[in-house]
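# Working through the structure, step by step
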Amino acid sequence: MAEMPQSSCLRCNFLKKSEESGCDSLPYVTKATPIGQHGRSNMKLLSCNANRPLAEAIADYLDTRLTRSEVKTFSDQEIFVRIDENVRGEDVFVIQSTSYPANDNLMQLLICMDALKRASARRITAVIPYFGYARQDRKTDGRTPISAKLVANLICSAGADRVLTVDLHAGQIQGFFDIPTDNLFGSPVMVDDIRERYGNKDLIVVSPDVGGVVRARSLAKRLEADLAIVDKRRPEAGKSEVMNIIGDVSGKRCIMLDDMCDSGGTLANAAAALKEHGAMSVSAYVTHGVLSNNAVQRIEKSVLDELVMTDSIQPPEDAIKSKSIRILPISPLLGEAIRRIANEESVSKLFDR
């Protein structure tokens, strides 16, 4: 996994870096107001089991600790949660991605919020770095569900007062929630890394499909780079076939941007097509490394030079050991957003240039 900063305090290290760079490469970082400075010291972080290392890194950034709790599974697979500290009147942030196993992790989140609500927590914020079921955001055929809306309803009913997430598969999912929802963008975390490694010489940002053009265009604008699009046809769910490249990638260093890497087929096929069209190199940056169905092996065997992803989902051991995959920490972005929510400050200003 990516190395932690030298300083023992992630926030200090992060802010120092932003000052040295003039806050241009890290536009979402500002001078931090310590939690509680405005009389809001009653804030607690609580983690379920989906991604404990990320929760600990967020706590480190905020210079606090995780609330003591117990989340376990009985022999019949029922989930039990117990909060081992007083949370009455507290502003509680529950950190839990609904990644694999999606149903177990979702139930942990729901039961944990129910426990907090019954313990008289003042406000409950569901911090969901990766929102599972997001790809089921519309009816694709007759007699099919809109599961993303169902999950949003469950989260609201369980007691959430607010939701904080990163790079929803479709931005309109924010409207599925009947409570305030902050959808952070993962691209600022990647901009600094791309500038450090590639500069902007011969750089072109590539959207691996038409649906990701807005996301790729935003990154291209930040990097002052050109934009290309991979036109693909998907014969069936989970499989993709590259058809055409829109834009000139010959002699260019291609940066593909997507919200997630699931099976890896889309990125592998797109990388092969870009190389066939004369690309000098092809790297892929994604926010969520779902990595299902031998995705790591597929990436390693592809012509991709590198897959870079954040730790919004706890990466599997083979991804950590892989020389083809690199992991960027997203804890500073989430930690800063949590700090701002706790202090009633603007979250949108994280992304102001």
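That block above? That's the structure.
These remarks concern the structure in this document. Model, not experiment: these values are computed from the prediction.

Neighbouring strands of a sheet are bound in pairs by backbone hydrogen bonds; such pairs are parallel or else antiparallel. Strand order in the open sheet formed by five strands is 1-4-5-6-7, and the pairing between neighbours is parallel. Every interior strand has two partners, whereas the edge strands, strand 1 (43–47) and strand 7 (181–184), have only one. Taken pair by pair, the neighbouring strands of this sheet meet at an average axis angle of 20°, ignoring direction. With five bridges joining them, strand 1 and strand 4 (residues 91–95) adopt parallel strand pairing. Across the sheet, S47 pairs through a bridge with I95, a residue of strand 4. Relative to strand 5 (residues 123–128), helix 3 (residues 102–118) is tilted by about 165°, and along the sheet it contacts strand 1, strand 4 and strand 5. Sheet strands in contact with helix 10 (residues 331–342) are strand 1, strand 4, strand 5, strand 6 (162–166) and strand 7, and its direction is about 160° off that of strand 6.

A complete count under the given rule lists 22 salt bridges for this structure. With its nearest N and O atoms 2.7 Å apart, the salt bridge here joins R123 to D91. With R123 in strand 5 and D91 in strand 4, this pair connects stretches of sequence that are 32 residues apart. Residue D258 is joined to R215 by a salt bridge in which the shortest nitrogen-to-oxygen separation is 3.8 Å. With D258 in strand 11 (residues 253–261) and R215 in helix 6 (residues 213–223), this residue pair connects regions lying 43 residues apart in the sequence. Judged by relative accessible area, R215 falls into the partly exposed class, the value being 22%. Among the charged side chains, a salt-bridge network with shared partners connects K44, R65, R68 and E85.

With that settled, consider the nonpolar core. If you look at the biggest cluster of nonpolar residues, it comprises 42 residues, and the most contacted ones within it are L45, L184, I194, Y285, L334 and I338. When neighbours within four sequence positions are excluded, L334 is seen to be in contact with L54, I58, V127, P129, L164, V166 and L184. Counting 35 residues, the second-largest nonpolar core is a separate cluster that includes I79, L110, A121 and V151.

The peptide bond linking Y100 to P101 adopts the cis configuration, its omega dihedral lying at -10°. Residue placement: P101 occurs in the loop between strand 4 and helix 3. In this model, N294 sits at a positive phi of 60°, which is unusual for a non-glycine residue. Position of N294 among the secondary structure elements: in the loop between strand 12 (281–289) and helix 8 (295–301). The exposure class of N294 is exposed, given its relative accessible area of 56%. The backbone phi angle of E344 is positive, close to 55°, even though this residue is not glycine. Within the secondary structure layout, E344 lies in the segment after helix 10.

Here is what the cut-offs are and how they apply
- Note on numbering: residues in each chain are counted from 1, in written sequence order.
- Only residues with pLDDT of at least 70 are given local features in this predicted model, and only at 80 or more are side-chain atom pairs given and counted; all residues enter the totals for whole chains, interfaces and linings.
- The basis for the side-chain values is all heavy atoms of the structure; hydrogens and waters are excluded.
- Pairing between strands requires that DSSP locate at least two bridges from one strand to the other.
- A run of DSSP states H or I qualifies as a helix once it reaches four residues; a run of E qualifies as a strand once it reaches two. Both are numbered from the N-terminal end.
- Axis definition: a line fit to C-alpha positions, over the contact stretch in the case of helices; interaxial angles, taken between N-to-C directions, run 0 to 180 degrees.
- We call two residues in contact when some of their heavy atoms are within 4.5 Å.
- For this analysis, a salt bridge means a side-chain nitrogen from Lys or Arg found within 4 Å of a carboxyl oxygen belonging to Asp or Glu.
- Between buried and exposed lies partly exposed: a residue is buried under 20% and exposed over 50% of the maximum accessible area for its type, with that area taken using a 1.4 Å probe on protein chains only.
- Only buried Ala, Val, Leu, Ile, Met, Phe, Trp, Tyr and Cys residues count toward a nonpolar core, and they belong to the same one when joined by side-chain atoms within 4.5 Å.

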